[in-house]
Amino acid sequence: MLHVANGDDSLSILRGAGLPGQVIAWSDVLDQGPLQGEPATPDFRLARARWLEENGAGTLSEVNAQLEAWDAALLAAADERVLWFEADLTCQLALLHHLVLVDASAVVTQEPVPHQREFAALLAGRRRYDRGEARKAWAAVTSPDPRALESLVLSGLPPQMGPALLRQIEELPEIGSGLSRTEREILEEEASFPAVQRREPVPWITDLFFARVVTELHEAGMFDEPDRSKCLAGRLDYRTRACDRWVGGVLLQGPSCFRRDGTHIVAPA
């Protein structure tokens, strides 16, 4: 039995839980950077590695080698694979990635794996999910046109998948202000990481990538008044100043890009 954890924190907990078989980690952060094409392909990894290198994760060769090693471990021969994932966006995107790649059962917890105690019971309750629905959801997440996210059938996937993909849509810039939900929360909470985390029903962004968003907003002058207040009121479009940014397969460049009206996706004019 091969147990797959999403990150080193879960890895250490699962290794100490007395589970039968081997426990490995697969730790890419798919809520950040480009998601283009089929998972575990050289092209997919290279696009990820280039973006991660640009954002301080290491050299291109180092990052690409790590991504390749994670994929090789995931794809290694096993009598049964068990995927251990949580409700947050990062975990749910990784779950889609894995269900596209491998035949596996999954344990999906609402609370983080490190908060769990009854691991034998959780393992006994593992479930198999609809890989066909997972492939369609992955195609929507990785498409340069995200509108298919609004009409996915997710009944054969964990109940946490729907809210997570809705949260993915909310990372698109809103009409008017051009802010993602994260960017809006950061401006409204004056860049307090704990305050923004408290506003998320299921916190997901790491402090490292949170700091990156804060830096981008700061460099664009969005914490300065009156621009901050004008943007929050929808009278100044952050996308006229913002860096290029990926949301899954969508590259946001300038003000003419996919946006959202609430959670409804709006195509560029």
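Refer to the preceding data block for the structure.
Below: a short report on this structure. Computed from a predicted structure; not experimentally measured.

When you line up the elements, arginine 245 lands in strand β6 (residues 245–247). Relative accessible area serves as the criterion here: at 10%, arginine 245 is assigned to the buried category. Polar side-chain contacts of arginine 245 include one of 3.5 Å to the side chain of glutamate 183. If we skip the residues at most four places from it in the chain, arginine 245 touches Glu171, Leu172, Pro173, Ser180, Glu183, Arg239, Val250, Leu251 and Leu252.

By the element assignment, glutamate 170 lies in the loop between α7 (161–169) and α8 (181–188). You can call glutamate 170 buried: its relative accessible area is 14%. Only 2.7 Å separates the side chain of glutamate 170 from the side chain of arginine 181, close enough to count as a polar contact. Ignoring anything within four residues of it in the chain, the contact list for glutamate 170 reads Ser180, Arg181, Arg260 and Thr263.

Attention shifts here to the packing of aromatic side chains. Each aromatic ring pair is described using two quantities: the centre-to-centre distance and the angle formed by the ring planes. One pass over the structure, following the stated rule, counts five aromatic pairs. Between tryptophan 84 and phenylalanine 119, the ring centres sit 6.1 Å apart and the planes meet at 50°, which makes this aromatic pair tilted. Of this pair, tryptophan 84 sits in strand β3 (residues 81–86) while phenylalanine 119 sits in helix α5 (residues 119–124), and the two are 35 residues apart along the sequence. Take tryptophan 84 and phenylalanine 119: they sit in the same class, and that class is buried.

The next thing to look at is the pairing of strand β4 (residues 105–109). Counted residue by residue, β4 has five buried out of five residues, so it is predominantly covered. Neither face of β4 is open: one carries Ser105, Val107 and Thr109, the other Ala106 and Val108, and all of them are buried. Bridge count for β3 against β4 is five bridges, and the pairing is parallel. Considered in β4, the bridge of phenylalanine 85 is made with valine 108. For the crossover that starts at β3, traverses helix α4 (residues 89–101) and ends in the parallel β4, the hand is right-handed. With two bridges joining them, β4 and strand β5 (residues 127–128) adopt antiparallel strand pairing. By the bridge assignment, alanine 106 is partnered in β5 with arginine 127.

About the criteria used
Residues numbered from 1 in each chain as written. Predicted model: local features only at pLDDT ≥ 70, side-chain atom pairs only at ≥ 80, totals over all residues. Heavy atoms only, no water. Helix = DSSP H or I, 4+ residues; strand = E, 2+ residues; numbered from the N terminus. Buried < 20%, exposed > 50% of the residue type's maximum accessible area, 1.4 Å probe, protein only. Polar contact = N/O pair within 3.5 Å; in protein donor to acceptor, adjacent residues only side chain to side chain. Contact = heavy atoms within 4.5 Å. Phe/Tyr/Trp six-rings, centres within 6.5 Å; stacked < 30°, edge-to-face > 60°. Pairing = 2+ DSSP bridges. Right-handed = clockwise from strand over helix to strand, strands pointing away.

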